[in-house]
Amino acid sequence: MKRSTECLAVAVGILLAATIGPCAIGAGLVGLFVCKNRKMAMFFLAATVLTCLATPDFTAGNVDDTGLVIRVLREDEDGTRALVRTNEGKILLRTSSDLLPGETIAFKGERKIPSPRRNLYGFDEARYFRTLGARSKVYTDEVTVLGETLRTRLVRTVKARLAPLGENGKLLLHAFFGYGGGAADSVRDVGLSHLLAASGLHVLILATILRSILALFPLSYKTRSFATILVLFFYLLVTGFPPSLVRAWIMASLALVAPDLGFLHRPEDGLEIAWIVILLANPYALFSPSFLLSFAATAGILGLAPHFQALGAPVATTLGAGLGVFPVTLLFFGAVPLVTLAANLIAAPFFVLAFALAVVFLPFLGSFAGAWLLKIIAVPLDLFVAL
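What comes next is a walk through the structure. What you see is a predicted model; the values in this text were computed from it and never measured.

Here we look at a nonpolar patch on the surface
Logical step 1: A cluster of nonpolar side chains, namely Leu-150, Leu-154, Phe-233, Phe-234, Leu-237 and Phe-241, defines an oily patch on the protein surface of about 500 Å² accessible area.
Logical step 2: Within the residue set of the nonpolar patch, elements represented by two or more residues are helix H5 (150-162) and helix H10 (221-239).
Logical step 3: For the nonpolar patch, the element with the most residues is H10, which contributes 3 residues.
Logical step 4: Secondary-structure assignment places Leu-150 in helix H5.
Logical step 5: Residue Leu-150 is classed as exposed on the basis of its relative accessible area of 54%.

A closer look at the side chain of Arg-224
Logical step 1: Within the secondary structure, Arg-224 sits in helix H10.
Logical step 2: Those residues in contact with Arg-224, other than ones at most four positions away along the chain, are Arg-211, Leu-214, Ala-215 and Leu-219.

Observations concerning the environment of Asp-76
Logical step 1: Summarising the element assignment, Asp-76 is placed in strand S1 (residues 61-76).
Logical step 2: Owing to a relative accessible area of 22%, Asp-76 belongs among the partly exposed residues under this scheme.
Logical step 3: Residues Asp-76 and Asp-98 lie 22 residues apart in sequence; the distance between their C-alpha atoms is 9.8 Å.

Some details on the pattern of salt bridges
Logical step 1: Applying the stated criterion across every chain, the model contains 5 salt bridges.
Logical step 2: Of the charged contacts, one joins Glu-148 and Arg-153 as a salt bridge, the two residues approaching to 3.7 Å between their closest N and O atoms.
Logical step 3: By relative accessible area, Arg-153 is classed as partly exposed at 41%.
Logical step 4: Here Arg-156 makes a salt bridge to Glu-148, at a shortest N to O gap of 2.9 Å.
Logical step 5: Look at Arg-156 and you get partly exposed, because its relative accessible area is 35%.
Logical step 6: Given the relative accessible area of 37%, Glu-148 is considered partly exposed.
Logical step 7: One network of salt bridges, in which partners are shared, links Glu-103, Glu-148, Arg-153 and Arg-156.

Conventions we followed
Residues numbered from 1 in each chain as written. Predicted model: local features only at pLDDT ≥ 70, side-chain atom pairs only at ≥ 80, totals over all residues. Heavy atoms only, no water. Patch = residues over 30% accessible without salt bridge, like charges linked within 9 Å, V, L, I, M, F, W, Y side chains within 5 Å. Areas by Shrake-Rupley, 256 points an atom, 1.4 Å probe, with all protein chains shown as cover. Salt bridge = Lys/Arg side-chain N within 4 Å of Asp/Glu carboxyl O. Helix = DSSP H or I, 4+ residues; strand = E, 2+ residues; numbered from the N terminus. Buried < 20%, exposed > 50% of the residue type's maximum accessible area, 1.4 Å probe, protein only. Contact = heavy atoms within 4.5 Å.

Geometry only, nothing functional implied.
In structure tokens form, the structure reads like this:
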């Protein structure tokens, strides 16, 4: 309990300051005095300093290039927004064409640099681009698909099998890959965006289902653990390594290998290691809402939820996560929906059930029983949307 509280104090300090730039250094310094684990606090500080010293490298000009679609960030009636890796760096591409992760494309257009934030709660496009590692943005319809990968075919298959569920099915697509359209905006408005973003919740569901299936076979604990870690890593590849999933994968992997390595694993250790690894790989991830919300929610569950156990595990977990993300939500979006707690307690379980059913039934949705299985998935999904 003491260690989780110390970890929470450092994490919340940095989370509060991270949204206003260089002041995050001050939060790291505060962490040195708050956290008794000085070495870990130094890592927090070092990662934060790296972030503040990182310099933007935006480029502009005409472009005629090819690239690989790393992640699809949004898909709606206006088209697709995707992160594309080219020989000259990553770009944010917006087009009316339908794109899928893993596709190789050729495109023409004009590179533009992102705009800075104009007010305290305004959208800081430049900072957002840094969190993605993108150097410019291109709006164009001159896009040609040159090739695809196994990842592309997998995403296309999942989209096709969930398509009969209509707009509500796009919510499940959000949960699987982090994008998909549908009623996503209305879900975010009531504070349930964590259900749609590919996150630790979905890793937990996938890991639980996978280990339950593997338990049916005469496999050793080490084999089941290795298989689970490998499948979850493939899920990271498919989704494009979003920070929230990387955090969850690191924590889950450490928890699974701890018994074989002969050491006592604590979730707080996994959270700290994940924080360090992600920020060393991309210091500007510190300014990503998904990164901050993921760590804040986990820190809240570890450090605050135990204080509410008398209310029951579901309520305690919801309160812990809610209090953890409260300052980040307020600083990024300027408001916190008052219905969030009730929505998480009442509606969220139906979506979790729908997602779990979709994971289990997905391999069979293309069979003769697919229509019946889709009706089963639709029951909790429709209840979630209705509530």
